[in-house]
Each structure stands twice: as C-alpha cells, then as structure tokens.
Amino acid sequence: MRRLPIYRLLLFGVSCLAPAHAASDGGQPADTTALFRYERAYDEMAAMLDSSDSVCLKRAVFLPEWAYVGDELNYNIYCARLDTMAAALRAFIAANRLDDAPIGAHIALFEFFVRPYAMNGYKPFDYEFEDCDGEVDFTNTFVTKLMRTHSGQCRSLPLLYKLLANEIGAEAYIAYAPCHTFVRHRDETGEGWINVELTSRNLPRDEFIIETMGITQEAIDKGTYMKPCGDREILLSLLVEMASGYLKKIGYIDPPVWRCIETVLTRDSTHLTALMVKSNCLNAIAQQQLRRLVERGLPVEPFVEQLRAIFSELNGRIDRTGYVEMPEHLREASRRAIDAEMMPLPSEEATPPVTKMYFGFLSFISSFERIWSEKFFVNNSSAAAPWARPWTRPSGP
C-alpha cells in the first residue's frame with residue numbers, strides 16, 4: 001500500500017477537524033474536572049436544541065459560566081437572585097402603575113439598570129471599564145459576576161436584561177452588531193423597534209448603530225446583525241461562547257470545542273461567530289503543522305496550497321454573511337464615546353416620572369448622534385482580506 005506524504009496526513013487532520021491538541025494560548029495540562037463540566041454543559045445545551053420544548057435560557061446562560069468557574073457557582077443561588085430581582089421589578093411596575101402601559105415592563109427594566117432604586121439596592125448597573133473584554137479575568141464577561149457586583153459589559157448586561165424580561169413576562173430580544181450586543185423590544189405601537197443600549201444607558205436609533213458600527217446592508221438582510229434573536233438563537237451563540245471559554249480555560253483545541261462549533265453550524269451554517277472561531281482554530285492547527293513540516297525538512301508548498309483552498313471556502317462563507325472588518329476609527333470612537341458619554345445619573349430631588357425619563361432620552365440620543373457623526377464618522381474603505389484570515393475577539397464593549 002502506497003504511503004501518503006506526511007503533509008497529506010496532516011491536512012486530513014485539519015480538514016476533518018481533528019482535535020490535533022493544538023495549543024491556543026500556550027496551553028497547559030488538561031483539567032479533567034473542567035473537561036467533565038464542559039462535557040456536561042454541552043450535553044444539556046445540545047439537548048435543549050434537540051427538544052421541542054422551550055429553551056430554559058437562564059439554565060443555558062448559567063452552564064458555560066459554571067463550566068469555566070466550577071462548583072463555586074451554585075445554580076440555586078443564581079436562580080434565587082433572579083427571582084429576587086424579578087419580584088422587585090413586579091413591585092415597581094405595580095407601584096408606578098406601569099401594568100397598563102404598552103411597554104411598561106421595559107420602562108421598569110431600563111430604570112432597574114440605569115438608576116438607583118430600592119429594587120436594585122440603590123446601585124445601578126455600571127460598565128466594566130477596566131477589563132471589558134475579559135482578557136485579564138474572563139469572568140468579567142459573566143452574568144453571574146454582573147448580578148453580584150452590578151458591573152458588566154456588552155455581553156452580560158443585555159443577557160441579564162433578557163433573563164429578567166423572561167421572568168416578568170416581557171418580550172425582549174438580543175441583537176448583535178460588530179463587537180457588540182444589545183437589547184431590542186417592540187415599541188408602544190407593537191410595530192416598530194426600540195434599541196436598548198445598557199453600556200451607555202441610552203436608546204439609539206437603528207441608523208445610529210448601523211453608521212457608527214459600519215454595518216452593511218447585506219449583513220442586515222442576512223440576519224447577521226440587527227436581527228432580534230429569540231431564546232434558541234441566543235442558545236447557539238452561548239454554545240460558541242462556551243467553546244471560546246474552553247479555549248481560554250484549557251488552552252487546547254479539543255473535541256469539546258469542535259462539538260460546540262459544529263452543533264451551531266449544523267443548525268445555522270451562516271452563524272458568523274461560529275465560522276470565525278472555526279477559522280481561528282483551523283489557523284492555529286495549520287500553523288502548528290507547518291512548523292512540524294519545516295522542522296522535519298519536508299516540503300510545505302503542497303500543504304500550503306491545500307490550506308488555501310480550505311480557508312478560501314471558509315472565508316467565502318464568512319464574507320457571504322455580509323461581515324466586514326469594523327474600521328479602527330469606528331472601534332476607537334465606540335470606546336471613547338462610552339467613556340465620555342455615560343449619562344450622568346440625576347439627583348434624587350430632580351427625579352422625573354419614569355415614563356417621562358424613558359422617552360426623554362430621545363432628545364439626548366439626537367444630540368449624541370449628531371456629535372458622534374461630526375467628531376468621528378469618516379469614510380474608510382476596507383482592505384482585502386488575506387487568504388488565511390485569523391480572527392480574534394476584538395476589544396471593546
């Protein structure tokens with residue numbers, strides 16, 4: 001039987017998504033207890049997708065965080081905190097007679113996050129400036145950490161809003177933008193949409209989000225960005241996030257990573273983040289295998305040619321989602337705007353009625369958008385992507 005050249009054997013491992021145990025960040029010995037937790041979390045979340053019953057989103061949010069942290073996170077305590085918050089919100093709705101308002105529950109939720117009340121322990125929820133992307137401490141992106149400290153970022157804040165909306169029977173959705181997540185819910189007419197931006201405490205219009213984040217019309221049409229996502233779609237994103245958490249925790253591209261990614265892509269072949277994580281993992285494995293070929297003095301060109309074909313197909317799938325790199329000037333503007341434009345909390349003496357305050361943001365938003373456009377928005381054509389485009393989780397909100 002003819003022996004295959006080693007580069008073909010290596011390529012077979014790449015193309016078939018073999019684990020290859022490539023270190024993603026230097027690597028360390030596998031934590032078998034953590035491996036068990038990730039397997040269990042995956043099994044539960046995959047079972048939710050396969051079931052015809054509704055998704056238990058609060059469980060799905062908890063599981064990846066528990067898999068990363070361990071048993072110091074207690075599900076019963078987590079649920080009890082959600083129940084306490086939901087009960088306080090219901091009391092606030094009743095006390096302020098918001099039951100009859102078409103979006104009364106969302107008015108209460110917004111107040112809960114941005115202003116001090118008894119229902120939040122007189123401690124509104126702040127943006128995590130120090131480590132918003134979890135590079136230093138990955139738990140800074142967790143909902144469980146947000147519930148404990150009232151400090152979060154663009155992943156944890158919208159997810160907690162969504163969980164509480166579910167608990168009090170309000171209809172809310174998660175929407176995605178480049179490097180960002182926010183909340184959407186129907187307006188008082190039931191036909192339009194209101195965007196809830198918790199990182200900067202405002203209600204931006206669609207046009208503002210699209211322009212400042214460089215979102216293409218193709219990405220909107222294909223549902224990559226701006227689409228209101230329900231519980232099952234959020235669950236798919238949570239699986240991708242769990243794969244990223246595994247890479248951060250364990251440091252190796254192991255089968256649990258591939259199971260998460262392939263489960264998502266089986267159900268949504270255009271899921272942008274899953275495609276990007278897959279591209280990153282394949283790129284890491286390819287780089288490792290190329291180093292091995294060089295070390296052994298074997299030819300690399302045939303392997304590189306076949307890699308080009310693999311990455312060309314994968315990058316084509318990414319491009320067809322409408323994705324483009326967010327221009328750096330817009331990314332920097334986003335960071336600066338959150339820092340500079342965080343809405344100051346008014347004094348207790350000057351507190352307006354909650355309904356007036358909620359809709360009073362419209363004038364603030366208009367002036368904020370005008371200032372942003374004047375200061376930051378310029379045209380910038382994106383450069384052509386390389387054939388093997390590595391993608392890393394960008395910093396920012």
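Above this text is the structure in question.
Because the structure is predicted, anything quoted here is derived from the model rather than measured. (Residues numbered from 1 in each chain as written. Predicted model: local features only at pLDDT ≥ 70, side-chain atom pairs only at ≥ 80, totals over all residues. Heavy atoms only, no water.)

A. Highlighting the overall build of the protein. Broken down by element type, the protein carries 15 helices and five strands. Every one of the 397 residues in the protein was classed for burial, and the buried ones make up 52%. In the protein, once contacts between residues fewer than 6 apart in sequence are set aside, the share between residues at least 24 apart is 71%. Surface summary for the protein: the accessible area is close to 18,300 Å², and the carbon and sulfur share equals 53%. (Helix = DSSP H or I, 4+ residues; strand = E, 2+ residues; numbered from the N terminus. Buried < 20%, exposed > 50% of the residue type's maximum accessible area, 1.4 Å probe, protein only. Contact = heavy atoms within 4.5 Å. Areas by Shrake-Rupley, 256 points an atom, 1.4 Å probe, with all protein chains shown as cover.)

B. Here's a closer look at the pairing of strand E4 (residues 180–186). In terms of residue burial, E4 counts as a mostly covered element, since six of its seven residues are buried. Hairpin connection between strand E3 (residues 173–177) and E4: a loop of two residues separates the two successive antiparallel strands, and cysteine 179 in this loop has a positive phi of roughly 60°. Examined bridge by bridge, E4 and strand E5 (residues 193–196) share four bridges and lie antiparallel to one another. Along E5, the bridge assignment pairs valine 183 with valine 196. Connecting E4 to the next strand, E5, in antiparallel fashion are six residues, including glycine 190 with a positive phi near 80°. (Pairing = 2+ DSSP bridges.)

C. Local environment of the pattern of salt bridges. Enumeration over the complete set of coordinates arrives at 18 salt bridges. When the shortest N-O distance is used, the salt bridge between arginine 155 and glutamate 65 registers 3.2 Å. Taken together, the residues arginine 155 in the loop between strand E2 (151–152) and helix H7 (156–168) and glutamate 65 in helix H3 (residues 57–69) connect sequence positions 90 residues apart. Since its relative accessible area comes to 10%, arginine 155 is described here as buried. We classify glutamate 65 as buried; its relative accessible area is 1%. Among the ionic pairs, lysine 227 bridges to glutamate 233, the shortest N-O distance being 2.6 Å. Look at lysine 227 and you get partly exposed, because its relative accessible area is 36%. Glutamate 233 sits in the partly exposed class, given a relative accessible area of 28%. Members of the salt-bridge network, linked through shared partners, are Arg40, Glu44 and Arg59. (Salt bridge = Lys/Arg side-chain N within 4 Å of Asp/Glu carboxyl O.)

D. Inspection of the packing of aromatic side chains at higher detail. If you walk through the whole model with that rule in mind, you get 14 aromatic pairs. An angle of 70° between the planes, with centres 5.0 Å apart, marks the rings of phenylalanine 92 and tyrosine 117 as edge-to-face. Of this pair, phenylalanine 92 sits in helix H4 (residues 75–95) while tyrosine 117 sits in the loop between helix H5 (104–114) and strand E1 (126–127), and the two are 25 residues apart along the sequence. Judged by its relative accessible area of 15%, tyrosine 117 falls in the buried class. (Phe/Tyr/Trp six-rings, centres within 6.5 Å; stacked < 30°, edge-to-face > 60°.)

E. Examining the packing of H4 against H5 more closely. Between H4 and H5, the shortest axis-to-axis distance is 10 Å and the interhelical angle comes to 120°. As far as their axial angle goes, H5 and H4 are oblique. Of the two elements, H4 crosses H5, and the hand of that crossing is right-handed. Of the residues in H5, those touching H4 at Met85, Leu89, Phe92 and Ile93 are Ala105, Ala108, Leu109, Glu111 and Phe112. Considering only residue class, the contact of H4 with H5 consists of eight nonpolar, no polar and one charged. (Axes fitted to C-alpha atoms, helices over the stretch in contact; angles between N-to-C directions. Parallel < 35°, antiparallel > 145°, perpendicular 65-115°, else oblique. Left-handed = near helix turned anticlockwise from the far one by under 90°. Nonpolar A, V, L, I, M, F, W, Y, C, P; charged D, E, K, R; others polar.)

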